[in-house]
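Listed below, chain by chain, are the residues.
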Amino acid sequence: MNVSENGLVSVDTTLEVNFGLESHGIYVYIPQDYKMVWTVGSKKLTRSYHWPIINLKVYDSMPYERSIVDGALYLKLGDPNILITGYKNYHYSYDFRLRDLGLDGIELFYMNLVGTGWELPITEVEYKIILPKGWPQDIFLYQGPQGSTQTIETYSIDQNVLYGTASNLMPKEGLTIYTQLSDDGSYFNFVKPKDYSLSIVLGSLVLMVAMFLLFQKVGKDRPLMITPQFGPIPG
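Presented here is a report on the structure given in the accompanying data block. (Residues numbered from 1 in each chain as written. Predicted model: local features only at pLDDT ≥ 70, side-chain atom pairs only at ≥ 80, totals over all residues. Heavy atoms only, no water.)

## Structural notes on the pairing of strand S15 (residues 161-169)
- Pairing of strand S11 (residues 122-130) with S15 involves eight bridges; the strand directions are antiparallel. Within the sheet, the bridge partner assigned to Ile129 lies in S15 and is Leu162.
- Note: strand S14 (residues 155-158) against S15, four bridges, orientation antiparallel. Counterpart to Tyr155 in the pairing with S15 is Gly164. (Pairing = 2+ DSSP bridges. Helix = DSSP H or I, 4+ residues; strand = E, 2+ residues; numbered from the N terminus.)

Written as structure tokens, this is what we have:
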């Protein structure tokens, strides 16, 4: 996982799967929506985030299908016409973009390295995370089901690269990393969302002018014509 200063996160994953029974492949679960309750001082702040997956690539000519279920991206990797047993590798990569968390300048690196949607046990996880400006001193890794507070410390740091492992994750268990990077918004230089307000205003004006001209040409009522009628003079 490579994290850029502008908030772009690039993830490259290789799965080594041991199929004890014949199977066509696996499902991969990648969360995109997060709802968090943060404690900032004496306040509890509820925030929702949507980090859509972009630039998805599946390697080695592996057939796949993608779908969205409850906001998460699911990949179906494998050939529906081929059954496999034993060991099989699956390689895929994707990007997503972090945004400001809305916590008054506090910047955190809070990330699911393994989401809690996996249906199969995971024997071992090896990971490498590269940050743009190095790592803080306090780093927390949580392993277990959603909401777990069980921490592990099986990692090492070399400058701005963190290496780590985790073992024996049961189905629906995840691996999450948490650390505070800044309290004044100075760590990331996020890409500002595009402001479309001016374009919308100009577009509305253009549409109004076009409608007015069209009305003048084809939609305007013709003026009322009074046709005089002549008859004999009374008398």
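## Considerations on the layout of surface pockets
- A volume near 1,400 Å³ is recorded for the largest pocket.
- Along its surface, the largest pocket is lined by 45 residues, and Thr13, Thr14, Leu15, Trp118 and Ile122 are the ones closest to its centre.
- Elements represented by at least two residues in the lining of the largest pocket include exactly strand S2 (8-23), strand S3 (25-30), strand S9 (84-97), strand S10 (107-114) and S11.
- Top element by residues in the lining of the largest pocket is S2. It accounts for 12 residues.
- Lining the second largest pocket are 31 residues; nearest its centre among them are Tyr34, Met36, Tyr110, Asn112 and Gln146.
- Ranked by residue count, the leading element in the lining of the second largest pocket is strand S4 (residues 33-40), at seven residues. (1 Å grid on protein atoms, 1.4 Å probe; cavity = no way out; pocket = protein on both sides within 12 Å on 5 of 7 lines; lining within 4 Å. Points joined across faces, edges and corners; volume = space filled by probe spheres on them.)

## Remarks on the sheet that holds strand S8 (residues 72-78)
- The sheet built from three strands is open, its strands ordered S3-S8-S7 with antiparallel pairing. Edge positions in the sheet fall to S3 and strand S7 (64-69), since each has one partner strand and no second. On average, each strand axis in the sheet is inclined to that of its neighbour by 20 degrees, with strand direction left out of account.
- Direction of pairing for S7 relative to S8: antiparallel, over a ladder of six bridges. Bridge assignment links Ile68 to a residue of S8, and that residue is Leu73. (Axes fitted to C-alpha atoms, helices over the stretch in contact; angles between N-to-C directions.)

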